[in-house]
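Residue-level structural notes
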Amino acid sequence: MARMMKVAIVDDEEDMRQSVSQWLALSGFDTETFASAEEALKVIGPDWPGVVISDIRMPGMDGMAFFKRLMGLDSALPVIMITGHGDVPMAVEAMRIGAMDFMEKPFNPDRMTELAKRATQMRRMALDNRALRRDLAEGAQVMGKLIGTSAPMERLREDILDLSQVDGHVLVDGETGTGKSLVALALHATGPRAGKKFVVVSCAAYSEDALAAKLFGPVEEGGTIPLVEEARGGTLVLEDVEGLSQSLQARLLTFINEQGSPAETRIIAICNAHGEGRTLEDALRPDLYFRLAAHKITLPPLRARGEDILTLFTRMAEQFAEEYGCEAPEVSAQEAAQLLQAPWPGNVRQLINVAERAVLQSRRGSGSITSLLMADTEDTGPAMTTEGKPLKEYVENFEKMLIDNTMRRHKGAISAVMEELCLPRRTLNEKMAKYGLSRGDYL
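These figures come from a predicted structure and were not determined experimentally. Counting restarts for each chain, with residues numbered from 1 along the sequence as it is written. Residues qualify for local features only when their pLDDT is at least 70, as the model is predicted, and side-chain atom pairs are given and counted only at 80 or more; totals for whole chains, interfaces and linings, by contrast, use all residues. Working from all heavy atoms in the structure, the side-chain values ignore hydrogens and water.

Focus on the overall build of the protein chain
Under the DSSP-based scheme used, a helix requires at least four consecutive residues in state H or I and a strand at least two consecutive residues in state E, with every element numbered from the N terminus. Scanning the protein chain from terminus to terminus reveals 19 helices and 10 strands. The C-alpha radius of gyration computed for the protein chain amounts to 31 Å, which surpasses the reference 22 Å derived for 443 residues by more than 25%, pointing to a less compact arrangement than a globule. Considering only contacts in the protein chain between residues 6 or more positions apart, those separated by 24 or more positions represent 71%. Throughout, radius of gyration means the C-alpha value; the globule benchmark is 2.2 Å times the number of residues raised to the power 0.38. Any two residues having at least one pair of non-hydrogen atoms within 4.5 Å are treated as being in contact.

Let's talk about the sheet that holds strand β10 (residues 295-298)
Pairing between strands requires that DSSP locate at least two bridges from one strand to the other. A sheet is described by the order of its strands in space; here five strands give the open sequence β7-β8-β9-β6-β10, paired in parallel fashion. At either end of the open sheet lies a strand with only one pairing partner, and these are β7 (198-202) and β10. This sheet shows a mean twist of 20° between the axes of neighbouring strands, independent of strand direction. Relative to β10, strand β6 (residues 170-173) runs parallel, the two sharing four bridges. For aspartate 173, the partnering residue across the bridge sits in β10 and is threonine 298. The sheet strands contacting helix α7 (residues 180-189) are β6, β7, β8 (235-239), β9 (266-270) and β10, and the helix crosses β9 at an angle near 165°. Between N-to-C directions, angles span 0 to 180 degrees; the directions come from axes that are lines fitted to C-alpha atoms, helices contributing only their stretch in contact.

Some words on the packing of helix α17 (residues 391-409) against helix α19 (residues 425-434)
For the pair α17 and α19, interaxial distance at closest approach is 10 Å and the crossing angle is 110°. In terms of their interaxial angle, α17 and α19 are classed as roughly perpendicular. Taken as a pair, α17 and α19 cross one another with a handedness that is left-handed. Residues Lys392, Glu396, Glu399, Ile403 and Met407 of α17 touch α19, and the partners they reach there are Leu428, Lys431, Met432 and Lys434. Classification convention: Asp, Glu, Lys, Arg as charged; Ala, Val, Leu, Ile, Met, Phe, Trp, Tyr, Cys, Pro as nonpolar; all other residues, Gly among them, as polar. Here the residues of the contact of α17 with α19 sort into four nonpolar, no polar and five charged. Should an angle fall under 35 degrees it is called roughly parallel, over 145 degrees roughly antiparallel, and 65 to 115 degrees roughly perpendicular, with every other angle called oblique. It is the rotation of the near helix from the far one that decides the hand of a crossing: anticlockwise by less than a right angle makes it left-handed, clockwise makes it right-handed.

Brief notes about the nonpolar core
Buried together is how nonpolar side chains tend to be arranged in soluble globular proteins. Residues belong to one nonpolar core when they are buried, are Ala, Val, Leu, Ile, Met, Phe, Trp, Tyr or Cys, and are joined through side-chain atoms within 4.5 Å. Throughout this description, buried means an accessible area under 20% of the type-specific maximum (1.4 Å probe, protein chains only), exposed means over 50%, and partly exposed covers the range between. In this structure, Phe313, Leu339, Trp344, Leu351 and Ile403 are the most contacted members of the largest nonpolar core, which totals 38 residues. The element contributing the most residues to this core is helix α13 (residues 308-324), with eight residues. Discounting residues that sit within four places of it in the chain, leucine 351 has contacts with Leu302, Ile309, Leu312, Phe313, Met316 and Trp344. One finds Val199, Ala231, Leu236 and Leu280 within the second-largest nonpolar core, a separate group that totals 29 residues.

What to know about the side chain of asparagine 347
Here asparagine 347 lies in helix α15 (residues 347-364). Residue classification places asparagine 347 among the buried positions, given a relative accessible area of 0%. Identification of polar contacts relies on pairs of N or O atoms within 3.5 Å, with a donor-acceptor requirement for protein atoms, meaning one able to donate a hydrogen and the other able to accept it, and with residues adjacent in sequence counted only if both atoms are side-chain atoms. Looking at asparagine 347, its side chain comes within polar contact range of the main-chain nitrogen of leucine 302, at 2.8 Å. Once residues lying within four places of it in the same chain are set aside, the contact partners of asparagine 347 are Glu175, Thr176, Gly177, Thr178, Pro301 and Leu302.

Thoughts on the environment of glycine 260
Here glycine 260 is to be found in the loop between α10 (246-259) and β9. For glycine 260, a relative accessible area of 34% puts it in the partly exposed group. Along the sequence, glycine 260 and valine 395 sit 135 residues apart, while their C-alpha atoms lie 46 Å from each other.

Some details on the environment of lysine 117
Along the polypeptide, lysine 117 turns up in helix α5 (residues 109-144). In this structure lysine 117 comes out as partly exposed when scored by relative accessible area, which is 44%. Separated by 325 residues in sequence, lysine 117 and tyrosine 442 place their C-alpha atoms 86 Å apart.

Considerations on unusual backbone geometry
Put simply, lysine 105 and proline 106 share a cis peptide bond, and its omega is -15°. Position of proline 106 among the secondary structure elements: in the loop between β5 (101-104) and α5. Proline 262 follows serine 261 through a cis peptide bond whose omega is 0°. By secondary structure assignment, the location of proline 262 is in the loop between α10 and β9. A positive phi angle, near 50°, is found at aspartate 240, a position not held by glycine. By the element assignment, aspartate 240 lies in the loop between β8 and α10. Its identity is not glycine, yet tryptophan 344 carries a phi of approximately 45°, on the positive side. Examined against the element boundaries, tryptophan 344 turns out to sit in the loop between α14 (333-341) and α15. Residue classification places tryptophan 344 among the buried residues on the basis of a relative accessible area of 1%.

Quick word on the pairing of strand β4 (residues 79-83)
For β4, the buried fraction is high: five of the five residues fall into the buried class. Of the two faces of β4, the one lined by Val79, Met81 and Thr83 and the one lined by Ile80 and Ile82 are each fully buried. As judged from the four bridges shared by strand β3 (residues 50-55) and β4, these two strands associate in the parallel manner. Counterpart to isoleucine 53 in the pairing with β4 is isoleucine 80. The parallel pair β3 and β4, bridged by helix α3 (residues 63-73), forms a crossover whose chirality is right-handed. For β4 and β5, the ladder comprises four bridges, and the chain directions are parallel. Paired with isoleucine 80 across the strands is aspartate 101, a residue of β5. Crossovers are described as right-handed under a simple rule: with the strands pointing away from the observer, the path leading from the first strand over the helix to the second runs clockwise.

Next up, the structure:
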């Protein structure tokens, strides 16, 4: 639906501004009158949805000074000047520096209507193009946050650009910390719904009744509108969609079916169901699952992204170093190898945390990336990876490799290994026994 353009009429003579306003209102324009330039400037600013018709001769700030102020606020704002016979040279000068046109008193009302029509069309096009450029810039900015040149990331960006253009709902899947919410935003910001409502709700953050009211209403007096209404025409993101009760699944399916095709509101469902033996297909009724999964994107785990890991770590460390006012830590070849081989159970979110802690400990002049990686392998739960392999297995393989490599570099010197890995003697002994490692093999 095209936006309604206003026509601001600025003239110190009440009879003149009222007659202009009445004529344009009869011609279908939405008019607003001001007795002075100063009054108009309190309302008119950048991106103001309309055009200006202003007299040149006014007390206080005259029409030329007013016009120059408007150009300083928004150079694409169409301004039509009203002038007496003796002020034509001034009006011509205004056109030379950017005014759209001028009308000499007494002017032809039909010409005024035609000028107002052309001016509002120009303004609407300028604002639409400006909004489009902003939307494209936002889309580029969001896509720019999907850092990496690995094959999985190249495929992910291609999938986002492809699926952003279709009307079907999308299921975004992947391990925790891989950036599913960022991908949902990228799907919105790079498609035709960019600039429209982008509404996010976590289905796991509310009780069933509270979530039902938040999504579908009814709304109590003074409350906000239901999210399905707020997102109308835009995108509704359902995080932790596996948390929907059977009752809410039925209501959501009804909402989807009532929209018809193509859907007015696009739904992006984000799945975080990655416990042992549990899938989203188990959690959702089949008819809803297949509607939400009309298109599917599965994000790659960080451990599958190769050199992207070093790129991300370096970028994050530099950002945190700038934030904390210190130098980013240098990564040795040994540490780079460890970063590349780490299982990253928390994926990109974990890497960001490790990068920040690396900067903080470097600022203090103590600690190592090795010890941070060792600490982050503790307490890994029974989650499954997207490859269907227990995450604990990745973590244990990495932990064994880390202890083995550290023991080799320190030639079995237990105190040095304990210091580098930040492990107490008893814990180190238990882990070595668990992995069949013997100090005698390193002496």
